[in-house]
Amino acid sequence: MTERPPITRVSPALVWTGDALTLALLLLAGSVAISGGFRVWVGGWRVSVTSPERVLLAALLLTSLRHWFVRRPALPERLVEAARHAHGSEAVRAVWPVAIGSRAAVAVVGLLAVFLVGYPQGAPPFRVSKNELINLPARWDAGWYLTIAQVGYRWDRRSRGQQNIAFFPAYPMLIRVGGRLLGGSTGQVVLAGVLISYAAFFGGLLYLFKLARGHPALASSDRARAAVLLLGSYPFAVFYGTLYTEGLFLCATVGAFWHMRQQQLWMVAAWGLVAGLTRPNGLFLCLPLTLMALTDAWRVEADTASRIRQAVRALLAAAAPGLGVLVYSLFLYQLTGNPFEWAAIQVRWGRTSGVAWQSLGGPFGYVAQHGFHEYLRAETPNFLNLTAAAFAAVLIWPVTRRLGVAYGALVAINLGLPLALGGAISMGRFTATMFPLFLWLGAAIPERRLGMWVLVFALGQGLMAVLFY
């Protein structure tokens, strides 16, 4: 009888990879059976997947090969163990009610707002379906992400207006893949985007809970839960349930922080790369990660040479967000001839120091001339964005003092540069991903007052849902 190779000869990472590919093939087979499959061009290659039987056969061959070399633990045993671990996980039990409950509540409020309040001047916004529930997440910039997901990037050299290359590729490309797997119709692409946003938000909250539990300022589970609850109820957390990048960006930034704390540098680099490919300000993540890398290397009890080697490896991982921005910039260079065309379009959309000054300094003159009530009526979005920016600015020093310089730096740089270049534009949703704010609030708010904070935040998120939808 032929003997199997000893288990010690097979890398555990290779076994995990084989199991992951098997699961991916099984999911793909189910998708093909439901949707009929897809045909796409990848570079110069035409990829056609239309037969679930062939995909299932590939999964069977792969798992047979894996179990020939490593019989135990078998894939079903590993799945059962993973399910048990997730069910008993403190982080999962703390996060899932917030992640699911908050998004469901916001969707209900948004749908009721559409039915009971209606649209401004009776005109509906961008629509993808006759079903208002499907239309809900497809608001404002969601249309740009849908366009990229469905037809890719387009560049018109003669145009001086808005073009979709201003939006970074990680999120719309995930939607593109998910939409193809679900069938490819516009409604299915929207559904894929919502599922990705929800999953990323859930992952971001999991990382936030773990990061809080490992930090001396929030080591208790109650404090960690408070941070999760405050982020989930924050007024501008409304964007986590839409076709926007907030969920993916939150997951990438908190994930990079947590893995840097664990010294899992490959995961730091992976999440950093995702952050850099998700939004332009993903580049800013390099600074706090660099500060964490240097601080952690200094604390290591080792000789100088070992500290230097550790610092160099951590600094390379911390540079990954910049690599993500560089990759997209090189793509744009091939497409447009200008690697920074994404920034040039932002300027044409109004993100300049002059516009920033008008949106930041203008309200004072407007209030002086017309009164605060009239300013609030005429400039409600600007007021809400400025309030969120002021809220974050006030907390920069407390965050730095209690949590550390890396956490304060993340808030400061993600607040200061967008304010300087664009003023109040989109500042509310930018603050929603500044997770150190919610870590600090979770540590600082007394337990007896937590309910009041959550209630006020939740009411604010309900208001934002009405305004947004």
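All of these numbers come straight from a predicted model, not from anything done at the bench.

*Asks:* Help me out: how do you make sense of the side chain of His215 in this one?
*Replies:* Take His215: it is sitting in the loop between α8 (186–214) and α9 (221–233). According to the relative accessible area criterion, His215 is buried, its value standing at 11%. At 2.9 Å, the side chain of His215 and the backbone oxygen of Leu403 are in polar contact. With near-sequence residues (within four places) excluded, His215 lies in contact with Arg402, Leu403 and Tyr407.

*Asks:* Looking at this structure, how should I read the packing of α8 against helix α10 (residues 246–261)?
*Replies:* Packed helices, taken two at a time, are described by their axes: the angle between them and the distance between them. Two numbers describe how α8 lies on α10: the axes approach to 8 Å, and their chain directions differ by 30°. Looking at the two axes, α8 sits roughly parallel to α10. The hand of the α8/α10 crossing is left-handed. Only Gly247, Leu248, Leu250, Cys251, Val254, Gly255, Phe257, Trp258, His259 and Arg261 of α10 make contact with α8, whose side of the interface consists of Ser197, Ala200, Phe201, Gly203, Gly204, Tyr207, Leu208, Lys210 and Leu211. For the contact of α8 with α10, the residue count by class is 11 nonpolar, six polar and two charged.

*Asks:* Just checking my understanding: could you explain the pattern of salt bridges for this structure?
*Replies:* Oppositely charged side chains are able to pair whenever their charged atoms sit close together. This structure, assessed with the given rule, holds four salt bridges. With its nearest N and O atoms 3.9 Å apart, the salt bridge here joins Asp141 to Arg429. Remark: Arg429 occurs in helix α20 (residues 427–432) and Asp141 occurs in the loop between α5 (132–135) and α6 (142–151); sequence separation between them is 288 residues. A cluster of three or more residues bridged by salt bridges with shared partners is formed by Asp141, Glu246, Arg279 and Arg429.

*Asks:* I'm lost on the packing of aromatic side chains in this one. Help?
*Replies:* For any pair of aromatic rings, the description rests on two quantities: the centre-to-centre distance and the angle between the ring planes. In the structure shown here, the tally under the stated rule is 24 aromatic pairs. Look at Phe239 and Phe468: their rings are 5.1 Å apart centre to centre, the planes differ by 70°, and that puts the pair in the edge-to-face class. Of this pair, Phe239 sits in the loop between α9 and α10 while Phe468 sits in helix α22 (residues 447–468), and the two are 229 residues apart along the sequence. Just as Phe239 is buried, Phe468 falls in that class too. Taking 6.4 Å as the distance between ring centres and 85° as the angle between the ring planes, the aromatic pair formed by Phe391 and Phe457 counts as edge-to-face. Pair noted here: Phe391 is in helix α18 (residues 380–403) and Phe457 is in helix α22, with a separation of 66 residues, a long-range link. You can call Phe391 partly exposed: its relative accessible area is 21%. The class of Phe457 is buried, set by a relative accessible area of 8%. Within the aromatic cluster, the residues linked to one another by ring pairs are Tyr234, Phe236, Phe391, Phe438, Trp453 and Phe457. Sitting above the plane of the Trp258 ring, Lys210 keeps its charged end 5.3 Å from the centroid.

*Asks:* Whenever I open this one, the nonpolar core confuses me. Can you help?
*Replies:* Proteins that are soluble and globular tend to have nonpolar side chains buried together. Counting residues in hydrophobic clusters, the biggest one holds 113 residues, and the most contacted among them are Leu205, Phe257, Met260, Leu289, Phe435 and Leu439. Excluding residues that lie within four positions of it along the chain, Leu205 makes contacts with Val95, Val98, Ala99, Val228 and Leu231. Residues Leu28, Ala29, Val32 and Val49 belong to the second largest nonpolar core, which totals five residues.

*Asks:* Any chance you could explain unusual backbone geometry here in plain terms?
*Replies:* For residues besides glycine, phi is generally negative; the peptide bonds are generally trans as well. The phi angle at Trp140 is positive, at roughly 55°, despite the residue not being glycine. Here Trp140 is to be found in the loop between α5 and α6. Unlike most non-glycine residues, Gln263 shows phi in positive territory, near 60°. Examined against the element boundaries, Gln263 turns out to sit in the loop between α10 and α11 (265–278).

*Asks:* Quick question: what am I supposed to make of the environment of Ala166 here?
*Replies:* Here Ala166 is to be found in the loop between α6 and α7 (170–182). Placed 176 residues apart in sequence, Ala166 and Trp342 show a C-alpha to C-alpha distance of 4.4 Å.

*Asks:* Would you mind going over the confidence of the model for the protein chain with me for this structure?
*Replies:* Note that predicted coordinates carrying low pLDDT should not be read in detail. Averaged over the protein chain, the pLDDT score is 83; the fraction of residues at 70 or greater is 87%. Model confidence for the protein chain, summarised as mean pLDDT per element, is weakest for strand β1 (residues 38–42) at 61 and strongest for α10 at 96. Between residues 4–8, whose pLDDT stays under 50, and residues either more than four places distant or in other chains, the model counts seven contacts.

*Asks:* Help me understand the environment of Leu326, please; the structure alone is not making it clear to me.
*Replies:* Within the secondary structure, Leu326 sits in helix α14 (residues 320–336). Taking C-alpha positions, Leu326 is 9.3 Å from Leu283, a pair spaced 43 residues apart along the chain.

*Asks:* Which parts of the structure should I look at to understand the side chain of Thr253?
*Replies:* Mapping Thr253 onto the fold places it in helix α10. Polar side-chain contacts of Thr253 include one of 2.9 Å to the backbone oxygen of Phe249. Ignoring anything within four residues of it in the chain, the contact list for Thr253 reads Leu285, Thr433 and Phe435.

*Asks:* Where do I start with a nonpolar patch on the surface in this structure?
*Replies:* Taken together, Val108, Val109, Leu112, Phe115, Leu116, Val117 and Val466 make up a surface patch of nonpolar side chains, about 670 Å² in accessible area. Take the nonpolar patch: its biggest share by element is five residues, from helix α4 (residues 90–116). Within the element layout of this structure, Leu112 appears in helix α4.

Cut-offs and rules
Residues numbered from 1 in each chain as written. Predicted model: local features only at pLDDT ≥ 70, side-chain atom pairs only at ≥ 80, totals over all residues. Heavy atoms only, no water. Helix = DSSP H or I, 4+ residues; strand = E, 2+ residues; numbered from the N terminus. Buried < 20%, exposed > 50% of the residue type's maximum accessible area, 1.4 Å probe, protein only. Polar contact = N/O pair within 3.5 Å; in protein donor to acceptor, adjacent residues only side chain to side chain. Contact = heavy atoms within 4.5 Å. Axes fitted to C-alpha atoms, helices over the stretch in contact; angles between N-to-C directions. Parallel < 35°, antiparallel > 145°, perpendicular 65-115°, else oblique. Left-handed = near helix turned anticlockwise from the far one by under 90°. Nonpolar A, V, L, I, M, F, W, Y, C, P; charged D, E, K, R; others polar. Salt bridge = Lys/Arg side-chain N within 4 Å of Asp/Glu carboxyl O. Phe/Tyr/Trp six-rings, centres within 6.5 Å; stacked < 30°, edge-to-face > 60°. Lys NZ or Arg CZ within 6 Å of the ring centre and 35° of its normal. Core = buried A, V, L, I, M, F, W, Y, C linked by side-chain atoms within 4.5 Å. pLDDT = per-residue confidence, 0-100. Patch = residues over 30% accessible without salt bridge, like charges linked within 9 Å, V, L, I, M, F, W, Y side chains within 5 Å. Areas by Shrake-Rupley, 256 points an atom, 1.4 Å probe, with all protein chains shown as cover.

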